[in-house]
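Below, each chain spelled out in residue letters.
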Amino acid sequence: MKKIQMVDLKSQYKDIKEEVNQSIQEILENSTFINGPQVHSFQKNLEKYLGVKHVIPCANGTDALQIAMMGLGLKPGDEVITADFTFAATVEVIGLLQLTPVLVDVDPKTFNISVEAIKKAITPKTKAIVPVHLFGQVADMEEILKIAEEHNLYVIEDNAQGIGGSYTFSDGKKVKTGAMGHVSATSFFPSKNLGCYGDGGAIFTNDDELAHIIRGIVNHGMYERYHHDVIGVNSRLDSIQAAVLNVKLPQLDSYNTRRRSAANQYSEALKNHPNVITPVIQGDDDSHVFHQYTLRIVNADRNGLMAHLQSKEIPCAIYYPIPLHKQKAYLDSRYKEADFPVTNQLVQEVLSLPMHSELEPDQIKFITDEIKSFLG
Ligand SMILES: *Cc1c(COP(=O)(O)O)cnc(C)c1O
């Protein structure tokens with residue numbers, strides 16, 4: 001059996017090595033490191049893949065979130081609702097822009113932002129909702145978009161973990177994640193479902209005017225050379241990263257299919273265990289792209305199980321160990337523990353197993369056998 005990795009980028013690289021090396025070599029020969037033709041072609045390829053009018057590449061997913069919020073013209077004091085159970089980048093940029101983060105609880109089945117909790121958190125100051133497609137599962141977008149419309153709020157999708165997934169609306173219409181909100185942000189960090197070989201990110205929108213504003217913001221607020229109309233940032237996807245992404249984008253659906261089939265094998269092996277809750281897929285198959293495969297370990301020693309797996313050289317991790325509302329940087333006297341029963345419980349129970357496109361059936365069998373042997 002091959003050594004088990006949490007994420008196996010080395011094996012994935014082997015399959016695309018020649019194409020990747022050749023396109024990087026080309027950039028080295030031409031020295032077109034910034035704004036090379038690869039960046040524009042990746043932008044076009046991704047627009048086509050997602051079915052979205054505008055992709056604006058940038059330096060990383062955190063920048064993408066920040067720039068999306070700057071583009072919408074959110075002002076200090078505006079309230080932005082997001083999930084208590086997610087990676088900190090989402091709430092970090094809200095704070096950096098001096099907007100007011102409003103963290104709310106999540107759904108215990110999907111781990112995604114709770115629609116009921118959003119409704120309760122809306123005030124006259126609320127300006128936007130940021131759903132995160134956590135672990136690769138699309139959030140309840142139909143309901144979220146409906147609430148947003150009723151209250152005249154922006155929806156900013158954090159699609160860093162959900163790229164390639166789709167959401168099916170009740171009228172049968174199917175839309176890719178990242179193409180539903182007013183604006184969306186994604187990350188091409190190496191371990192994401194579509195990852196480059198360094199840092200990268202992008203903003204998506206169907207709004208022509210917003211796209212124009214954002215294209216200026218990523219480039220120092222310039223709309224005409226050396227005319228700075230607004231305060232912007234410097235946030236670029238470099239040509240080498242775009243070249244890698246151009247090789248990997250055509251593989252994304254097959255990568256995600258392989259993740260899903262690994263997830264199925266895990267769930268099949270663990271489904272009836274009394275101490276294990278396997279991930280729920282809320283919608284169609286492609287509504288979950290399994291950025292992470294995350295179990296809940298209930299009425300059992302989750303930390304002991306983790307130590308046992310690690311002693312067998314099975315990597316695993318807790319995403320995320322501390323709710324954001326308890327993080328020092330984001331403490332707020334308005335939060336009450338009674339408002340976060342689900343997040344507070346999930347941080348005690350979740351355990352993420354190795355998940356990537358190169359997992360092999362014998363590895364998954366070994367992992368699930370070890371889980372069952374520990375839990376009894
Ligand atoms: C990875 C991630 C980000 C940030 O992306 P970076 O490219 O690392 O800045 C934001 N939100 C979520 C949910 C993420 O998983």
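Residues numbered from 1 in each chain as written. Predicted model: local features only at pLDDT ≥ 70, side-chain atom pairs only at ≥ 80, totals over all residues. Heavy atoms only, no water.

For the protein chain, the name recorded in an unreviewed UniProt entry is dTDP-4-amino-4,6-dideoxygalactose transaminase, with Myroides indicus as its organism. UniProt, in the comment section headed Sequence similarities (unreviewed entry), describes the protein chain in these words: "Belongs to the DegT/DnrJ/EryC1 family." (UniProt positions renumbered as here; feature names shortened; annotations may be inferred.)

1. Here's the deal with the sheet that holds strand E14 (residues 350-353)
Spatially, E12-E13-E14 is the arrangement adopted by the 3 strands of the open sheet, whose pairing is antiparallel. Edge positions in the sheet fall to strand E12 (276-277) and E14, since each has one partner strand and no second. The pairing of E12 with strand E13 (residues 293-297) spans 2 bridges and is antiparallel. The partner of Ile277 across the bridge, within E13, is Arg296. Of the strands in this sheet, E13 and E14 touch helix H10 (residues 302-311), which is tilted by about 20° from E14. (Pairing = 2+ DSSP bridges. Helix = DSSP H or I, 4+ residues; strand = E, 2+ residues; numbered from the N terminus. Contact = heavy atoms within 4.5 Å. Axes fitted to C-alpha atoms, helices over the stretch in contact; angles between N-to-C directions.)

2. Quick word on the environment of His228
With respect to the element layout, His228 can be found in strand E11 (residues 227-228). On a C-alpha basis, the gap between His228 and His212 in space is 14 Å, while along the polypeptide they are 16 residues apart. When residues no more than four places from it in sequence are discounted, the contact partners of His228 are His220, Gly221 and Met222. Here the side chain of His228 touches His220 through a polar contact of 2.9 Å, landing on its backbone oxygen. (Polar contact = N/O pair within 3.5 Å; in protein donor to acceptor, adjacent residues only side chain to side chain.)

3. Here's the deal with the site of the ligand
Near the ligand the following residues occur: Asn60, Gly61, Thr62, Thr86, Phe87, Ala89, Val132, Asp158, Ala160, Gln161, Ser187 and Lys192. Here an oxygen atom of the ligand sits 2.5 Å away from a polar atom, N or O, in the side chain of Thr62. The contact in question runs from an oxygen atom of the ligand to an N or O atom on the side chain of Gln161, over 2.8 Å. Here the ligand has 370 Å² of accessible area as a free molecule, and 91% of this is covered by the chains. More than half of the atoms belonging to the ligand lie within 2 Å of the grid points that define the largest pocket. A breakdown of the residues in the shell around the ligand according to their chemical character gives 4 nonpolar, 6 polar and 2 charged. (Near = heavy atom within 4 Å. Areas by Shrake-Rupley, 256 points an atom, 1.4 Å probe, with all protein chains shown as cover. 1 Å grid on protein atoms, 1.4 Å probe; cavity = no way out; pocket = protein on both sides within 12 Å on 5 of 7 lines; lining within 4 Å. Sits in = over half its atoms within 2 Å of the grid points. Nonpolar A, V, L, I, M, F, W, Y, C, P; charged D, E, K, R; others polar.)

4. Points about the pairing of E14
Burial along E14 is two-sided: Val350 and Ser352 facing one way and Leu351 and Leu353 facing the other are all buried. Bridge count between E13 and E14: 4 bridges; the pairing is antiparallel. Bridge pairing in E14 links Tyr293 to Leu353. (Buried < 20%, exposed > 50% of the residue type's maximum accessible area, 1.4 Å probe, protein only.)

5. Looking at the sheet that holds strand E2 (residues 79-83)
The sheet built from 7 strands is open, its strands ordered E1-E9-E8-E5-E4-E2-E3 with mixed pairing. The open sheet has two edge strands, strand E1 (54-58) and strand E3 (100-104), and neither has a second partner. For this sheet, the mean angle separating the axes of adjacent strands, direction not counted, is 25°. Strand direction decides the pairing type here: strand E8 (residues 183-187) and strand E9 (residues 201-205), joined by 4 bridges, are antiparallel. Bridging from a neighbouring strand, Ser187 pairs with Gly201 of E9. Sitting on the sheet, helix H3 (residues 61-71) touches E1, strand E4 (126-130), strand E5 (154-158), E8 and E9, and the angle it makes with E8 is about 165°.

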